Amino acid sequence: MGKVQKTGGSVVRVLVPLALPTMLDYRTDLPAKAGTWVDVPVGRQGVHGVVAEVLESSPFGSLKTARVMAEVPPLSLKMLEFYRWAGRYTLSAPGEPLRVAMPRAKVPKMPKVGGKTLQKAAKSGGGAAKVVLNAAQKAAEAAIGGKLGQFAPFLLDGVTGSGKTEVYFDVVEKVLAAGKQVLVLVPEIALTPQWLKRFEQRFGEKPLVWHSGLAEGARRRTWWELAERNEERGSEERGVAARAILTSGATTPEARRFAKTNGNSVVGDAGGGSTMEGAGGEAGGRGRVVVGARSALFLPFSDLGLVVVDEEHEPSYKQEEAFRYNARDLAVQLAKIWSCPVVLASATPSLESWQRALEGKYTRLVLPDRVGDAGMAKLVMVDLREGGTRNEERGSEERGFVARAILASGAPAPAPAAVGQKEPSAGLREPSVRRGLKRGEEFVSGVLMRAMAETLARGEQSLLFLNRRGNAPVLICRECGARRDCPRCDATLVVHGDKLQCHHCGLSEPFPDECAVCGGTDMRPYGPGTRRVVQEVQKAFPQARVEVADSDAVRTPKQLSELVRAVEAREVDIIVGTQMVTKGHHFPHLTCVGVIDADMGLAHGDLRAAERTYQLLTQVAGRAGRGSAAGTVYVQSFDPEQPLFKALLNHDRDGFYALELEARKAWGDPPFGRLVAVIVDGLDEADVVEGARGLARGWEERGTRNEVARLLGPAPAPVAKIRDRYRWRLLVKGPGVLQGIVKSWVESTAVPKGVRVVVDVDPVSFM
């Protein structure tokens, strides 16, 4: 089996980007060190891995041969350490972290741009003048900048519009001057267009970008820009490897190109190949700044000097499938390994980060005010209950006519309730009888509609937020009450125009002519969706320019950039969108924000429901009044006395956090305890149930002490079937580290054939 080891080769243990339970041993055809890339056979396929260890010998008698890929710069030993730590922490296969940036299990092909191996680095200089920081910003920048070269976690806690980005931009400038790299994580690609524009204006060059929406060529260029910067191996070693390739008769284009470039290398070169630009403090250095989504953590960095996690509270930093990890938490460990500062920035920090700051584990830096003349937006609760603002005397046609009349005349809207009022229930109300309307057909209150009319009359912009895309969340037969559910999932099909769609598995089918249960033909969509709200707004304001910002309308970064440009150019009057438009965007002419259904996030019932709702509503409110004109936010709710809304109205975030932490501590929930979820799924429901119950029995048989950890469940998952697979859940809960307990328990418990057991350390979703 395998070839005989050549003279001068090594016995190595290789990390491969596959879901295998262990690393694999090989012999190499050339000398290799930890970090060396190798081409290895795994079964019948060939994959690329990285040498994790050089061994004296292997316990396996006959080893296959790994080809040393000397044409690929070696991986930094610190990134190798990070990959191995991430796999252990998440209880994942050791190669899963490596696979994130190598989804095809191979090093990306070396790109060619303009006839050269890689594009030239961006031009130096030419950036816009630095923004003058206020006192709080200067203090924050000085604190972070004073810790360069050492691990130091910071919580940059600033209200929306307080200039958090400008603070870390000043730190980035210092890091680049020192010749180091910077990683900036953003929760989703929706934040990148304006961020990239601001970066280029400031620094005169574009950063590297990494996210799932990038074209393959762009992803290859980013990977190689970073890989070619790696300088841990000197040119002499590269020259030796290159001459060995020439002697061995290598045939791959990359190997020939590498050998030709490095065959005559001399001691003292940078070690990055002939295409390597200066990597010092010059603006032209390659691979200096990366902005990306969560997977950017796993790119081949060589000299990180700063890690930033923007909007650190966002749940989208948690990867929920396959390799389950939280990018925020892993970013802190990455900075620790690189001995550099990490900045967690947010106006609404996660309770985990907030508690660590209270304990002194993170340094909290506060930006209490918006920059410039912008003030915080006014918040107004809109009561949707019977007798509240939802019920009006006018019918929908008359309301549209009145709204257009207000727009034409410029007449003022009704005066809003006082900001900071003690009882939100005493907010705006209207007459209790609505004539000419079918219940549930309209979702924008008269208060909000008239505020939008006044906003349009002033030539300003409005945003209506609803975190549910489509026309309506449910289709119901009016004759028998039956819903139209997904046949593959335990979920209701969502109405999208003339079709129904499942948001879990993607199944799509035409809008039915009749009910599948009773044959009735009166099928009605119920509940709000972004498209339903758009129809309502267009009916009221037919002349207004309305744009939708959800994942149905905005599918690519190019489409997002065009939407942002149109809003900035005031070519849009009203935006109806999901959370895609709630974070990070700066629209100075947006002064009216309406939250259509503030209660939606509270319906899930998980331990973070209130925290997430508060964070989301605060971020939505933060889009209003960021320019010279004041902003107002209208929050529609059927439960305005909810303590969360009272805290929001009174701008009492710290008080709300204190209440949440008190409840979490009483129950031992994060951040005071640790959780590990175990999801059991399979195609046969009986086998899944038996597997889940067998795990529970195994836990009891092991006699794990209650003071160490306790098991909750098993029970069916809230969404009990997805893509035809039945799902049950168990939850391990304890005050300390749980990975060792869970690993030994799961590995020692047998489950029926065809049943899959997935472990999720630090779960965020419980669906």
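Conventions and cut-offs
Every chain is numbered independently, its residues counted from 1 as its sequence is written. Totals for whole chains, interfaces and linings use every residue, but because this is a predicted model, local features are given only for residues with pLDDT of at least 70 and side-chain atom pairs only at 80 or more, for both listing and counting. Side-chain numbers here rest on the full set of heavy atoms in the structure, without hydrogens or water. For the exposure calls, accessible area comes from a 1.4 Å probe over protein chains only, and a residue counts as buried if that area is under 20% of its type's maximum, exposed if over 50%, partly exposed in between. Numbering of helices and strands runs from the N terminus, with a helix taken as a DSSP run of H or I at least four residues long and a strand as a DSSP run of E at least two residues long. Strand pairing is defined by DSSP finding a minimum of two bridges between the two strands. Crossovers are described as right-handed under a simple rule: with the strands pointing away from the observer, the path leading from the first strand over the helix to the second runs clockwise. In plain words, nonpolar cores are sets of buried Ala, Val, Leu, Ile, Met, Phe, Trp, Tyr and Cys residues tied together by side-chain atoms within 4.5 Å. A contact between two residues is defined here by any heavy atoms of the two lying within 4.5 Å.

Visitor: I would appreciate a short explanation of the pairing of strand β11 (residues 341-346) in the present structure.
Guide: The side chains of a regular strand alternate, first on one face of the sheet and then on the other. Most of β11 is tucked away: six of the six residues are buried. Sheet topology places strand β6 (residues 152-158) next to β11; six bridges connect them, and they run parallel. Across the sheet, Leu156 pairs through a bridge with Ala345, a residue of β11. Pairing of strand β10 (residues 304-310) with β11, which is carried by four bridges, proceeds in the parallel orientation. Among the inter-strand pairings, Val309 is bridged to a residue of β11, identified as Leu344. Between the parallel pair β10 and β11, the chain is carried across by helix α9 (residues 327-338), and the sense of this crossover is right-handed.

Visitor: Looking at this model, I keep getting lost on unusual backbone geometry. Mind explaining?
Guide: As a rule of thumb, non-glycine residues mostly have phi less than zero, and peptide bonds are mostly trans rather than cis. Here Pro670 and Pro671 are connected by a cis peptide whose omega angle stands at 10°. Its location among the elements puts Pro671 in the loop between α17 (653-667) and β24 (674-682). Across the junction of Gly713 and Pro714, the peptide omega takes the value 15°, indicating a cis bond. Residue placement: Pro714 occurs in strand β25 (residues 710-722). One non-glycine residue, Glu311, lies in the positive phi region at around 50°. Considering the arrangement of structural elements, one finds Glu311 in the loop between β10 and α9. Owing to a relative accessible area of 7%, Glu311 belongs among the buried residues under this scheme. With a phi close to 55°, Asp762 is a non-glycine residue in the positive phi region. Tracing the chain through its elements places Asp762 in the segment after β27 (756-761). Its relative accessible area of 17% is what places Asp762 among the buried residues.

Visitor: When you look at the nonpolar core in this model, what are you seeing that I'm missing?
Guide: Trp37, Leu183, Trp223, Leu297 and Phe298 are the most contacted members of the largest nonpolar core, which has 94 residues in total. Considering every element that reaches this core, the biggest residue donor is α9, with eight residues. Once residues lying within four places of it in the same chain are set aside, the contact partners of Leu183 are Val290, Ala296, Leu297, Phe301, Leu304, Leu306, Val307, Val308 and Leu334.

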